[in-house]
Amino acid sequence: MFEANLSGESALIYHGGDRAAARRLFPHAPEPWLDLSTGLNATPYPFTAPEVTAFARLPEPESIAALEEVAAQSFGLDPAAKIVAASGAQALIQLLPRVIGAKKVAVLGFTYSEHGRAWAASGAEVTTCESLDELAGADVAVVVNPNNPDGRLCDADELSALAHEMGARGKSLIVDEAFVDFLPLDNSLAPLPPAPGLVVLRSFGKTYGLAGLRLGFAFGEHGLIGVLRAALGPWAVNGVAIEIGIEAYQDDGWLEASAARLAEDGARLDALLRGAGLEILGETPLFRLARHDRAREIFLRLCDAGVLTRPFAERPDWLRFGIPTGEADFARLADALNQT
């Protein structure tokens, strides 16, 4: 959340991607906005346009099962695990407090605030912790891995051990792997046998640059994933998302090419940010976290130029930058940074 004051007015930008709020605050900024606030792949997957039947009919259970199967294969999911699709990882974040009862929830922070917000709204006492060891005593522990916004990466074997320890006591570990797709497989819990009470979340839209499609997944041990499926109810994923998701998850070549492009574009962004005097604190293939004493001023100046980044009210010297792509976007960002 970021509070900006402009011409005596106040407004709030709660999340990345809120270009409508940015336009209200900066009505004279050039269009179109260059939105680097979300951590999305800037090159969307070039899907085949779905047939009209994908819009006209209710999704069939067999189609959803096919989507979950190709997603499981893409993730390298252990055969003992169960997977369920939903209309975005955020929908699952909102649902989990209703499915898993908890009085005390521990979140490994500083991290994506919606996890803590969802559990607090359910009446749980939410504590932010700084190490994995501190999480074990909670009813539910939450780890974002790699972390948003600093890219902190916890060892998958250590997370698995924590999940088994908590599961043996009837507790749950939730691991949000929304930004893991472009990392080596051993950074994910997917290939490891699931522990009791473990839920792992995955996002489609960030990796494939199609956030508006609203598609995400949860996987883990059969019992808890079955409860999640029942709570989601029928038709939890729309027909268009099913068709595009099946196509995308079978296209390993596109994923590999995107990873290579993001590595090159990320290195180019690093050079731009350092050249502008920003210190890079952390990263994933889809974003960089940078620090500057004048981060608030830089944010506002970039907005004046129609470039939206992600500020943090809790860390006023931080800015998160999504990875631009293409000469025009890099040139525009470079020009805007030169004006700060």
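In what follows, the structure referred to is the one given above.
Model, not experiment: these values are computed from the prediction.

1. Observations regarding the overall build of the chain
Alright, step 1. Secondary structure summary: the chain contains twelve helices and 15 strands in total.
Alright, step 2. Taking 340 residues into account, the globule formula puts the C-alpha radius of gyration at 20 Å, and the chain, at 20 Å, falls close to it.
Alright, step 3. Projected onto its principal axes, the C-alpha positions of the chain cover 55 × 50 × 35 Å.
Alright, step 4. For the chain, with 340 residues in total, the buried portion stands at 52%.
Alright, step 5. Across the chain, every contact between residues at least 6 apart in sequence was considered, and the portion connecting residues at least 24 apart equals 71%.
Alright, step 6. When the accessible surface of the chain is split by element, carbon and sulfur atoms take 52% of a total near 14,900 Å².
Alright, step 7. Across the chain, the 28 positively charged side chains and the 45 negatively charged ones have centroids separated by 6 Å.

2. Thoughts on the pairing of strand β11 (residues 279-284)
Alright, step 1. Bridging between β11 and strand β12 (residues 287-291) involves five bridges; their strand directions are antiparallel. Its bridge partner lying in β12, isoleucine 280 is registered against alanine 290.

3. Focus on the layout of surface pockets
Alright, step 1. Approximately 300 Å³ is the volume found for the second largest pocket.
Alright, step 2. Among the residues forming the lining of the second largest pocket, the class breakdown is eight nonpolar, six polar and three charged.

4. Considering the packing of helix α10 (residues 252-275) against helix α12 (residues 327-338)
Alright, step 1. Here α10 crosses α12 at 15°, and the two axes come no closer than 10 Å. Taken together, the axes of α10 and α12 lie roughly parallel to each other. In this structure, α10 meets α12 at a crossing whose hand is right-handed. Seen from α10, the contacting residues are Asp265, Arg268, Leu269, Leu272 and Leu273; seen from α12, they are Glu327, Phe330, Leu333, Ala334 and Leu337.
Alright, step 2. Looking at side-chain class alone, the contact of α10 with α12 contains seven nonpolar, no polar and three charged residues.

5. Let's talk about the sheet that holds β12
Alright, step 1. Read across the sheet, four strands follow the order β11-β12-β15-β14 without closing on themselves; strand pairing throughout is antiparallel. Edge positions in the sheet fall to β11 and β14 (310-311), since each has one partner strand and no second.
Alright, step 2. Packed on one face of the sheet, α10 meets β11, β12 and β15 (318-322) and runs near 15° to β12.

6. Here we look at the pairing of β15
Alright, step 1. Burial within β15 is extensive, with five of its five residues counted as buried.
Alright, step 2. Strand direction decides the pairing type here: β12 and β15, joined by five bridges, are antiparallel. Counterpart to arginine 291 in the pairing with β15 is tryptophan 318.
Alright, step 3. The hairpin formed by β14 and β15 contains six residues between the paired strands.

7. Structural notes on helix α4 (residues 89-99)
An α-helix turns once per 3.6 residues; consequently, residues spaced three or four apart project the same way.
Alright, step 1. Every buried residue of α4 is listed here: Ala89, Leu92, Ile93, Leu95, Leu96, Pro97 and Val99.
Alright, step 2. Where α4 is buried, its residues meet β4 (82-86), α5 (113-121), β8 (172-176), β9 (198-203), β10 (216-220) and α8 (222-232).

8. Let's talk about the nonpolar core
Alright, step 1. Core analysis: the largest hydrophobic core is formed by 82 residues, its most contacted members being Leu135, Leu173, Phe204, Phe217, Tyr249, Phe321 and Leu333.
Alright, step 2. In this view, leucine 135 contacts Ala106, Val107, Leu108, Cys129, Ala141, Val143, Leu162 and Met166; residues no more than four positions away in its chain are not counted.
Alright, step 3. Counting 23 residues, the second largest nonpolar core, distinct from the first, contains Leu95, Ala102, Trp119 and Val142.

9. Some points on the side chain of histidine 115
Alright, step 1. Along the polypeptide, histidine 115 turns up in helix α5.
Alright, step 2. The contact partners of histidine 115, leaving out residues within four places of it in the chain, are Ile93, Val142, Val144, Asp176 and Leu201.

10. Quick notes on the side chain of aspartate 265
Alright, step 1. Here aspartate 265 lies in helix α10.
Alright, step 2. Looking at aspartate 265, the relative accessible area reads 11%, which means it is buried.
Alright, step 3. Apart from residues no more than four positions distant in its own chain, aspartate 265 is found in contact with Ile323, Pro324, Thr325 and Phe330.

11. Notes on the pattern of salt bridges
Alright, step 1. Applying the stated criterion across every chain yields a total of 15 salt bridges.
Alright, step 2. Residue glutamate 68 pairs with arginine 229 through a salt bridge whose shortest N-O separation is 3.1 Å. In this pair, glutamate 68 sits in helix α3 (residues 61-75) while arginine 229 sits in helix α8, placing the two residues 161 residues apart along the sequence.
Alright, step 3. Classification of glutamate 68 by relative accessible area gives buried; the value is 7%.
Alright, step 4. Close ionic contact of arginine 117 with glutamate 114 constitutes a salt bridge, the shortest N to O distance being 2.6 Å. Of this pair, arginine 117 and glutamate 114 both sit in helix α5, three residues apart, which is roughly one turn of the helix.
Alright, step 5. Beyond isolated ion pairs, a larger network of salt bridges with shared partners links Glu279, Arg291, Asp293 and Asp317.

Thresholds, definitions, all that
- Residues numbered from 1 in each chain as written.
- Predicted model: local features only at pLDDT ≥ 70, side-chain atom pairs only at ≥ 80, totals over all residues.
- Heavy atoms only, no water.
- Helix = DSSP H or I, 4+ residues; strand = E, 2+ residues; numbered from the N terminus.
- Rg over C-alpha atoms; globule rule 2.2 N^0.38 Å.
- Buried < 20%, exposed > 50% of the residue type's maximum accessible area, 1.4 Å probe, protein only.
- Contact = heavy atoms within 4.5 Å.
- Areas by Shrake-Rupley, 256 points an atom, 1.4 Å probe, with all protein chains shown as cover.
- Lys, Arg positive; Asp, Glu negative; His and termini not counted.
- Charge placed at Lys NZ, Arg CZ, Asp CG, Glu CD.
- Pairing = 2+ DSSP bridges.
- 1 Å grid on protein atoms, 1.4 Å probe; cavity = no way out; pocket = protein on both sides within 12 Å on 5 of 7 lines; lining within 4 Å.
- Points joined across faces, edges and corners; volume = space filled by probe spheres on them.
- Nonpolar A, V, L, I, M, F, W, Y, C, P; charged D, E, K, R; others polar.
- Axes fitted to C-alpha atoms, helices over the stretch in contact; angles between N-to-C directions.
- Parallel < 35°, antiparallel > 145°, perpendicular 65-115°, else oblique.
- Left-handed = near helix turned anticlockwise from the far one by under 90°.
- Core = buried A, V, L, I, M, F, W, Y, C linked by side-chain atoms within 4.5 Å.
- Salt bridge = Lys/Arg side-chain N within 4 Å of Asp/Glu carboxyl O.

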